[in-house]
Amino acid sequence: MSTSSAILNVAHGKFQLAIEDDILSIVLRGEANEQSAAKYIDCVATQVNKLSHKPFGILIDTSGFRGATPGAFEVSNRYNKQLLNMPSFAGKAVVCSPSTSAIYNISVAQQQHAQQQVEQGLQKQFNDTASASQWLRQQIIERY
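The structure reproduced in this document is the subject of the present report. These numbers were taken from a predicted model, which means no experiment stands behind them.

**Some remarks on unusual backbone geometry**
- For Asp21, which is not glycine, the phi dihedral falls at a positive 55°.
- Looking at the secondary structure, you find Asp21 in the loop between strand S2 (14-20) and strand S3 (23-32).
- Asp21 sits in the partly exposed class, given a relative accessible area of 25%.

Below, the structure written as structure tokens:
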């Protein structure tokens, strides 16, 4: 089992990235604008490049996330499109508290490629990280 971790504070919000085996775990806190989303996506892309030679999943904990600007959604949507085109991408599990569930639904509604991930069974919402991790591991096994 290999693990690496990083915490980054940006002008708007905070995010933490950790890789454990074949899953990139992300914790989002605060809010995001276009600039902070671009920094976040750059960091995520760097970590995904480390995993993309084998099947991998992404687990995002949004329980402390408060929202994003339309520009942040645009940046995120462009990266979701890239994920859809990666043959090794097995899925994305998004953990939401009851208070962030509405933000998740807005996010998916505003991002065409996130909608495609949901429709293709590549993205699913969860209430806890244990269920999300279990689903991702099953996706990796089933798809590859």
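**Remarks on the packing of aromatic side chains**
- Enumeration over the complete set of coordinates arrives at 3 aromatic pairs.
- Judged by centre distance (5.8 Å) and plane angle (50°), the ring pair of Phe56 and Phe89 falls under tilted. Remark: Phe89 occurs in strand S5 (residues 89-95) and Phe56 occurs in strand S4 (residues 56-68); sequence separation between them is 33 residues. Phe89 shares its class with Phe56; the two are buried.

**As for the nonpolar core**
- Counting residues in hydrophobic clusters, the biggest one holds 28 residues, and the most contacted among them are Leu24, Ile26 and Ile58.
- For this core, the secondary-structure elements that each account for two or more residues are S2, S3, helix H1 (34-51), S4 and helix H2 (70-84).
- Considering each element in turn, this core owes the most residues, 8 residues, to H1.
- Residues in contact with Ile26, not counting those within four places in the same chain, are Gln16, Leu17, Tyr40, Val44, Ile58, Leu59, Ile60 and Asp61.
- Counting residues in hydrophobic clusters, the runner-up holds 10 residues, among them Leu59, Ala90, Trp135 and Leu136.

**A short note on the packing of H1 against H2**
- The N-to-C vectors of H1 and H2 enclose an angle of 20°; their axes lie 8 Å apart at closest approach. Here H1 is positioned roughly parallel relative to H2, judged by the angle of their axes. Two packed elements cross with a definite hand, and for H1 against H2 that hand is right-handed. Two secondary-structure elements touch here, H1 through Glu34, Ala37, Ala38, Ile41, Val44, Ala45 and Val48 and H2 through Gly71, Ala72, Val75, Ser76 and Tyr79.
- In terms of residue class, the contact of H1 with H2 is built from 9 nonpolar, 2 polar and 1 charged.

Conventions adopted
- Residues numbered from 1 in each chain as written.
- Predicted model: local features only at pLDDT ≥ 70, side-chain atom pairs only at ≥ 80, totals over all residues.
- Heavy atoms only, no water.
- Helix = DSSP H or I, 4+ residues; strand = E, 2+ residues; numbered from the N terminus.
- Buried < 20%, exposed > 50% of the residue type's maximum accessible area, 1.4 Å probe, protein only.
- Phe/Tyr/Trp six-rings, centres within 6.5 Å; stacked < 30°, edge-to-face > 60°.
- Core = buried A, V, L, I, M, F, W, Y, C linked by side-chain atoms within 4.5 Å.
- Contact = heavy atoms within 4.5 Å.
- Axes fitted to C-alpha atoms, helices over the stretch in contact; angles between N-to-C directions.
- Parallel < 35°, antiparallel > 145°, perpendicular 65-115°, else oblique.
- Left-handed = near helix turned anticlockwise from the far one by under 90°.
- Nonpolar A, V, L, I, M, F, W, Y, C, P; charged D, E, K, R; others polar.

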